[in-house]
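# Summary of the model geometry
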Amino acid sequence: MTQRPPAAVWANLAFRLIGARDVDAIIGDLTEEYRIHRRSDSIATAGCWYWRQVARSLPILATMTIRRGGWRMVAVATVTYVVAQVVEAGGQAAVFAFVPMDAGGRAGVSLGIGLLTATLAGYVAESSRSGAAMALTAMSLITVVMLMVTLPDTVPIWYQLAFLTLGPVSTLGGGVLSSRRS
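Remember, predicted model here, so these are calculated numbers, not experimental data. (Residues numbered from 1 in each chain as written. Predicted model: local features only at pLDDT ≥ 70, side-chain atom pairs only at ≥ 80, totals over all residues. Heavy atoms only, no water.)

### Regarding the pattern of salt bridges
- The final tally for this structure, using the stated rule, is one salt bridge.
- With its nearest N and O atoms 2.7 Å apart, the salt bridge here joins Arg35 to Glu32. Within this pair, Arg35 and its partner Glu32 are both found in helix H2 (residues 23-40), separated by three residues, close to a single helical turn.
- Residue Arg35 is classed as partly exposed on the basis of its relative accessible area, which comes to 23%.
- According to the relative accessible area criterion, Glu32 is partly exposed, its value standing at 43%. (Salt bridge = Lys/Arg side-chain N within 4 Å of Asp/Glu carboxyl O. Helix = DSSP H or I, 4+ residues; strand = E, 2+ residues; numbered from the N terminus. Buried < 20%, exposed > 50% of the residue type's maximum accessible area, 1.4 Å probe, protein only.)

The following block contains the structure:
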């Protein structure tokens, strides 16, 4: 019986999303090592080893992807980020000018506009330069964390957590949609 790491599909997806080269070889090597660990360790111990290796590899592979893309990729991500922020603010201003709503409704609409903008920004960034959606995601994630730390009580916690989790997923999702198109 083949011993496959639990959730190897998720590791494969994570490596592909960050644009790592030779994903199949990386996953293959990790799977072989997992099988070796599985001979002497429990499923849980071998699984923890596997995920530690994935977690250690992701930042290194992401950094390599960004370095390969050079300054053009970072420039595309930065310009896309600024334009997306302007579009998001404009969209919110337009909706709130014509549709009166309470604070909870405003937060929900703001979240929807923000996630839609993040998806479109990821799509545009990745269409413009390979790897730019990942750099854009990192910029957005850093911004959200900084806002959560510096302005913790300005919006509800559900809103903060939604942007912390769904924001990166939306941006990367836009990038994946763009890469599937080509």
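### Some points on the environment of His37
- Mapped onto the elements, His37 comes out in helix H2.
- Considering only alpha carbons, one finds His37 and Trp49, twelve residues apart in sequence, at a separation of 8.2 Å.
- Residue contacts for His37: discarding those within four places in its chain leaves Ala46 and Trp49. (Contact = heavy atoms within 4.5 Å.)

### Some words on the nonpolar core
- Counting residues in hydrophobic clusters, the biggest one holds 13 residues, and the most contacted among them are Ala11, Phe15, Ile27, Leu30, Tyr50 and Val54.
- Discounting chain neighbours no more than four positions away, the residues touching Ala11 are Ile27, Tyr50, Trp51 and Val54.
- Residues Met73, Ala77, Ala121 and Ala125 belong to the second largest nonpolar core, which totals nine residues. (Core = buried A, V, L, I, M, F, W, Y, C linked by side-chain atoms within 4.5 Å.)

### Looking at helix H4 (residues 103-128)
- Here H4 contains 26 residues, and its C-alpha end-to-end distance of 37 Å stays within 8% of the 38 Å for a straight helix at 1.5 Å per residue.
- Capping the start of H4, Asp102 holds a side-chain oxygen 2.8 Å from the backbone nitrogen of Gly105, two or three residues further along. (Expected span 1.5 Å × (residues − 1). Polar contact = N/O pair within 3.5 Å; in protein donor to acceptor, adjacent residues only side chain to side chain.)

### Points about the packing of aromatic side chains
- Per the counting criterion, the structure on display carries four aromatic pairs.
- Taking the centre distance of 5.8 Å and the plane angle of 90° together, the rings of Tyr50 and Trp51 count as edge-to-face.
- Owing to a relative accessible area of 0%, Tyr50 belongs among the buried residues under this scheme.
- Seen in terms of ring centroids, Tyr159 and Phe163 are 5.2 Å apart; in terms of plane orientation they differ by 65°. Their pairing is edge-to-face. On the criterion of helical spacing, the pair formed by Tyr159 and Phe163 is a turn pair, its members being four residues apart in helix H6 (residues 157-181). Phe163 carries the same exposure label as Tyr159, and that label is buried.
- Three or more aromatic residues link up through ring pairs in this structure, and these residues are Tyr34, Tyr50 and Trp51. (Phe/Tyr/Trp six-rings, centres within 6.5 Å; stacked < 30°, edge-to-face > 60°.)

### So, the environment of Gly108
- With respect to the helices and strands, Gly108 occurs in helix H4.
- Along the sequence, Gly108 and Tyr159 sit 51 residues apart, while their C-alpha atoms lie 7.9 Å from each other.

### Quick notes on the confidence of the model for the protein
- Model confidence for the protein is summarised by a mean pLDDT of 85, while 92% of its residues fall at 70 or above.
- In the model of the protein, helix H1 (residues 8-17) stands out as the element of lowest mean pLDDT, 71, in contrast to H4, which has the highest, 92. (pLDDT = per-residue confidence, 0-100.)

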